[in-house]
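Per-entry structural report
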2 protein chains.
Amino acid sequence: MGDDDRSTDGRKARGHKRRTEIIDATLAVVQRDGAAGVTHRTVAKEAGIPVSLSTYYFATLDDLLVAALTSVTEAYTARIRHIIDNRDDKLRGLAELIAESAGTGRERALAERELSTLAARRPALRPIARRWREHVAELAQRCTDSPDAVTAVVAASDGLCAAILIDNAPGDPGYVHAVLRQALGVQPEATRQ
Amino acid sequence: MGDDDRSTDGRKARGHKRRTEIIDATLAVVQRDGAAGVTHRTVAKEAGIPVSLSTYYFATLDDLLVAALTSVTEAYTARIRHIIDNRDDKLRGLAELIAESAGTGRERALAERELSTLAARRPALRPIARRWREHVAELAQRCTDSPDAVTAVVAASDGLCAAILIDNAPGDPGYVHAVLRQALGVQPEATRQ
DNA sequence: TATGTATTTGTACGATAGTACTAGTTGTAC
DNA sequence: GTACAACTAGTACTATCGTACAAATACATA
């Protein structure tokens, strides 16, 4: 009756943990070498496990990429949902989240974009990639009644991310916030929360 | 003194033509199978030429992808420039260009996005990918004096493209135009050309 | 403790990749 | 026409890929 992880977790829990480790290793590879660099071997090396263990949890490479994209998207949508539920100045929260992409999470954001591009070509992945967009839309709906404004905010959010990544611009939350407000159509002196 | 293409073109011109053919074949492969499907062999097969001919014009696979991205981006920026120079209702022209992505050019637009994502990871390609963004900005500057509005339009343009591609939405020029106007911050009854 | 299942590992096979190499062909300039 | 350079083509080498497979180990449960 040891008290280390192995004994207390149970097989099912440990299996789930391994799965998560492999997904994390996959994301690390995507961050470092891009989606094209993802192979069972590179992932296994990153995770410090034999190749056959990677194929044990993800029979095909496609399964692995799907799982990685799902994981990334769920994490992102969770953050947006948190802003929607707990934040008064939602647009500001969104701006900070976007700006953060340029800071510590730049490579991470790049990986997300790469995986989302991958999703455009795989119908099975489209619903997943679409989800974060729906969450941003829901956030925007709390700030305006205009459908066009909602669409503009969603599109601008995506475009701002891309701009920050490609232009390698500094992710200034204030600047991003100003642009989002512009897309929202609010007057600077009369911002709706 | 023949009058067929081979004789009149000269060696240099024919070489350039071959180069273009290979680039087009590359874009066709990207459209069909994505950037990951681009290999010297698939491109050569698509172009109907032996593999070694592809490597003759593009020593490495990277050279080929760089050339393909450059070609795509130049074509796109040329169209934007045409709108800037010859169109009165510039925002409308931009909207139509974006909406067109969902119609006949959907696969094409998808290829462009894929290649642009590729560019985010290769510093050498960033200036090229950035160029179309600068052109859109220039277009927007003809419609407003607000820097934030310009940024919003550029970001929204990119985001709208992505939305159309991923959500597979219908590319309605009127709708796109409305959203762009929203980003621009003009009132529906007082559109500044 | 015994057993069955989940997990882990090492190894191997066929396919395909990038790219180098050599030889043949074509067009141009003298 | 002759020589030179550009172009075209076939082939082969090495590396790495996805994936399959069998054996070994660990662990929960009876």
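The sections below set out a description of the structure shown in this document. Quick caveat, the model's predicted, so the values are computed rather than measured.

Our next topic: helix α9 (residues 173-184) of chain B. The end-to-end C-alpha separation of α9 of chain B is 16 Å, in line with the 16 Å expected for 12 residues at 1.5 Å each. Within α9 of chain B the residues assigned to the buried category are V176, H177, A178, V179, L180, Q182, A183 and L184 of chain B. Those residues of α9 of chain B hidden inside the fold are in contact with α8 (147-166) and α9 (173-184) of chain A together with α5 (90-100) and α8 (147-166) of chain B. The N-capping residue of α9 of chain B, defined by a side-chain oxygen 3.1 Å from the backbone nitrogen of G174 of chain B, is D172 of chain B.

The next thing to look at is the relation of the copies chain B and chain A. If you rotate chain B by 180° and push it 0.1 Å along the axis, it lands on chain A with an RMSD of 0.1 Å. Expressed as a symmetry operation, the mapping of one chain copy onto the other fits a two-fold axis. In this assembly the copies share their binding face: 98% of the residues contributing to the interface of chain B also contribute to that of chain A.

Take the interface of chain B and chain A next. Contacts between the two partners involve 41 residues from chain B and, on the opposite side, 40 residues from chain A. Across the interface of chain B and chain A, roughly 3300 Å² is buried in total on both sides, 51% from carbon and sulfur atoms. Looking only at chain B, the three residues that lose the most surface to chain A are R121, I166 and Q182 of chain B, adding up to 22% of its buried area. Taken together, the connections running from chain B to chain A amount to zero salt bridges. Where chain B touches chain A, the interface holds seven residue pairs in polar contact (both at pLDDT 80 or more). Residue assignment for the side of chain B that touches chain A shows that the elements contributing at least two residues are α1 (5-33), α6 (106-120), α7 (126-141), α8 and α9 of chain B. Considering each element in turn, the side of chain B that touches chain A owes the most residues, 12 residues, to α8 of chain B. Its residues placed into classes, the side of chain B that touches chain A shows 18 nonpolar, 10 polar and 13 charged.

Thresholds applied
Residues numbered from 1 in each chain as written. Chains lettered and ligands numbered in written order. Predicted model: local features only at pLDDT ≥ 70, side-chain atom pairs only at ≥ 80, totals over all residues. Heavy atoms only, no water. Helix = DSSP H or I, 4+ residues; strand = E, 2+ residues; numbered from the N terminus. Expected span 1.5 Å × (residues − 1). Buried < 20%, exposed > 50% of the residue type's maximum accessible area, 1.4 Å probe, protein only. Contact = heavy atoms within 4.5 Å. Polar contact = N/O pair within 3.5 Å; in protein donor to acceptor, adjacent residues only side chain to side chain. Least-squares fit on C-alpha atoms with pLDDT ≥ 70 in both. Buried area = accessible area lost by both parts, 1.4 Å probe. Salt bridge = Lys/Arg side-chain N within 4 Å of Asp/Glu carboxyl O. Nonpolar A, V, L, I, M, F, W, Y, C, P; charged D, E, K, R; others polar.

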